[in-house]
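Spelled out, the chains give:
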Protein chains: 2
Amino acid sequence: MSNEHIVKSFAQELQRLANLITQMGGVAEAQVEAAVQAVVRRDTTIATQVMQSDLRVDTYEREIDAETLRLLALRQPMASDLREIVSALKIAADLERIGDYAANIAKRSIALAQVQAVRPAAAIPRMGRMVQEIMKEVLDAFIERDVDKAVAARRRDEELDDLYTSLFREVLTYMMEDPRNITPCTHLLFIAKNLERIGDHATNIAETIHFLVVGQPLTAERQKGDESSYAVVIPEPMATSGE
Amino acid sequence: MSNEHIVKSFAQELQRLANLITQMGGVAEAQVEAAVQAVVRRDTTIATQVMQSDLRVDTYEREIDAETLRLLALRQPMASDLREIVSALKIAADLERIGDYAANIAKRSIALAQVQAVRPAAAIPRMGRMVQEIMKEVLDAFIERDVDKAVAARRRDEELDDLYTSLFREVLTYMMEDPRNITPCTHLLFIAKNLERIGDHATNIAETIHFLVVGQPLTAERQKGDESSYAVVIPEPMATSGE
């Protein structure tokens, strides 16, 4: 009887830990969405809110860290229970980074709102939507313990990388047209890079879900990151600086 | 007798885990140094080596992950032993990210080597040296379990952030002078940003060392990251495009 009680309460504790991750994921997802809105609407009020709310994401990570340590010490778990706890630790770290990137996007949107709008900014909502879809799919995969969904989300991240690489070239060309575009375009590049990095961290979470459910790391190495690192854009010799 | 044997062998296993972290740290440090050399010397051979060696860093992380899981399951550690193992997991994740950033710096140095050198590149070796010093101090702090050294390294990261922010403004100004500077300067900005991020991950490791030794997270929140996210540089209306 007493043994059954302990078993039941450990299952409850693990469920509580999973709920914390789900909540933290929801907050991180909302932060990303609001940060993209701050850029699109040039809204410094939303941006300030996102920057302030980053503390909430950090607090979740600290709570999850403390809870995993407590469960490891008290419950001395094995096999799948152990994977459950270690995965929580890893996913919380990725979500914390995602929150940081959202806060940085918000911070840059404030600089962007001070200068004139630039055309390549139009690609940001599209990248933002894609990132949010990937995050939603990964968080669903975590709740449903659905490995196929996690693997699918990971594949979608490749599309995001392609979108980023083409935006990178477009932005460079646009900077060359008019020096006034350089400051806004630079912030835009970093915003796009932050979105691409959020996709990478969502991919990490997908890999952790695979490990959590299957018990093995995902072996098929996927090239993470973007191809823009190789990009060289040469200005046209007689480029006019007109619009 | 048998009990003593188990205790001794667990201590050895923990020492082996710490050694793995130290080795991984050495490899990551060497990767950062070589990546900065690739930029400074415009040497694509070094760059290619760094990109290929990133697999070594990743392999270390996988080995450390597997070892921590094994120790958690078999040894069911408590208190400081548990912190030792969880810290190894966290530090390995930070070192893996540092390796990724070094590989990205190397990748961008290849694009940089294709175009003409730009003046702000001169700041990269200085940032590189500072990052290497911080990493060295943090790894020493890990080996010596020296909290004061870890905290000192964390403070030095603020200098690195300042250096990055001033480089950011200089690069933007330089881009405005001549459109041919835009491609190299953009890669330079990302290289500098990668160095700044490596500093942040070294800071994370310093915080993990504090937790490992003292048993409590570092409470004094330090503003991580750079102030360049707010930077707006306006081109002079009559800027000459000379040089």
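Residues numbered from 1 in each chain as written. Chains lettered and ligands numbered in written order. Predicted model: local features only at pLDDT ≥ 70, side-chain atom pairs only at ≥ 80, totals over all residues. Heavy atoms only, no water.

Describing the overall build of chain A
In terms of helices and strands, chain A carries six helices and zero strands. If you list the helices and strands of chain A from N to C, you get α-α-α-α-α-α. Based on the C-alpha atoms only, the size of chain A along its principal axes is roughly 85 × 40 × 25 Å. Split into buried and exposed, the 243 residues of chain A put 56% on the buried side. Each charge class in chain A can be summarised by its mean position, and for the 28 positive and 38 negative side chains these summaries are 2 Å apart. (Helix = DSSP H or I, 4+ residues; strand = E, 2+ residues; numbered from the N terminus. Buried < 20%, exposed > 50% of the residue type's maximum accessible area, 1.4 Å probe, protein only. Lys, Arg positive; Asp, Glu negative; His and termini not counted. Charge placed at Lys NZ, Arg CZ, Asp CG, Glu CD.)

Description of the packing of helix H5 (residues 147–177) of chain B against helix H6 (residues 182–214) of chain B
All names here are of chain B. Axis separation between H5 and H6 bottoms out at 9 Å; the angle between their running directions is 165°. Here H5 is positioned roughly antiparallel relative to H6, judged by the angle of their axes. Between H5 and H6 lies a crossing of left-handed hand. For the contact of H5 with H6, the per-class residue count stands at 20 nonpolar, four polar and seven charged. (Axes fitted to C-alpha atoms, helices over the stretch in contact; angles between N-to-C directions. Parallel < 35°, antiparallel > 145°, perpendicular 65-115°, else oblique. Left-handed = near helix turned anticlockwise from the far one by under 90°. Nonpolar A, V, L, I, M, F, W, Y, C, P; charged D, E, K, R; others polar.)

Regarding the relation of the copies chain A and chain B
When chain A is fitted onto chain B, the two copies agree to an RMSD of 0.0 Å after a turn of 180° and an axial shift of 0.0 Å. One copy is carried onto the other by what is essentially a two-fold rotation axis. Rotation axis and chain A: the residue whose C-alpha lies nearest the axis is A:Gln76, separated from it by 2.5 Å. A shared binding surface is used by both copies, with 100% of the interface residues of chain A retained as interface residues in chain B. (Least-squares fit on C-alpha atoms with pLDDT ≥ 70 in both. Contact = heavy atoms within 4.5 Å.)

What about unusual backbone geometry?
Most peptide bonds take the trans form, and the phi angle of most residues other than glycine is negative. All names here are of chain A. One non-glycine residue with positive phi stands out, namely glutamine 76, at about 45°. With respect to the helices and strands, the residue glutamine 76 is situated in the loop between helix H2 (44–75) and helix H3 (79–113). Located in the positive-phi region is alanine 79, a residue other than glycine, with phi close to 45°. Within the element layout of this structure, alanine 79 appears in helix H3.

A short note on H2(A)
Residue and element names in this part refer to chain A. With 32 residues, H2 should reach 46 Å at 1.5 Å per residue; the first-to-last C-alpha distance of 47 Å fits that figure. In the structure, H2 departs most strongly from a straight axis at glutamine 52, where the bend amounts to approximately 25°. Its side-chain oxygen 2.9 Å from the backbone nitrogen of threonine 45, aspartate 43 forms the N-cap of H2. At the exit of H2 stands glutamine 76, carrying a positive phi of roughly 45°. (Expected span 1.5 Å × (residues − 1). Bend = angle between axes of the 7 residues up to and from the residue. Polar contact = N/O pair within 3.5 Å; in protein donor to acceptor, adjacent residues only side chain to side chain.)

Observations concerning the UniProt feature "domain: PhoU" (unreviewed entry) in chain A
Residue and element names in this part refer to chain A. Within this structure's numbering, the places UniProt gives as "domain: PhoU" (unreviewed entry) are residues 21–108 and 124–208. The span residues 21–108 is 94% helical and 0% strand by assignment, and the distance between its end C-alpha atoms comes to 28 Å. The span residues 124–208 shows a helical share of 93% and a strand share of 0%, and its end C-alpha atoms are spaced 28 Å apart. (UniProt positions renumbered as here; feature names shortened; annotations may be inferred.)

A closer look at the environment of B:Asp140
Within the fold, B:Asp140 resides in helix H4 (residues 123–144). B:Asp140 sits 22 residues away from B:Val118 along the chain, and the two C-alpha atoms are 35 Å apart.

Structural notes on the interface of chain A and chain B
Tallying the contact residues gives 51 residues for chain A and 51 residues for chain B. For the pair chain A and chain B, the summed buried surface comes to about 4300 Å²; carbon and sulfur atoms form 64% of the total. Viewed at the interface, chain B and chain A are joined by two salt bridges. The closest approach of N and O atoms between A:Asp65 and B:Lys90, which form a salt bridge, is 2.6 Å. In this structure, the connection of chain A to chain B is made through eight residue pairs in polar contact (both at pLDDT 80 or more). Going through the elements one at a time, H2, H3, helix H5 (147–177) and helix H6 (182–214) of chain A are the ones with two or more residues in the side of chain A that touches chain B. Here the side of chain A that touches chain B takes 11 residues from H3(A), the largest share from any one element. (Buried area = accessible area lost by both parts, 1.4 Å probe. Salt bridge = Lys/Arg side-chain N within 4 Å of Asp/Glu carboxyl O.)

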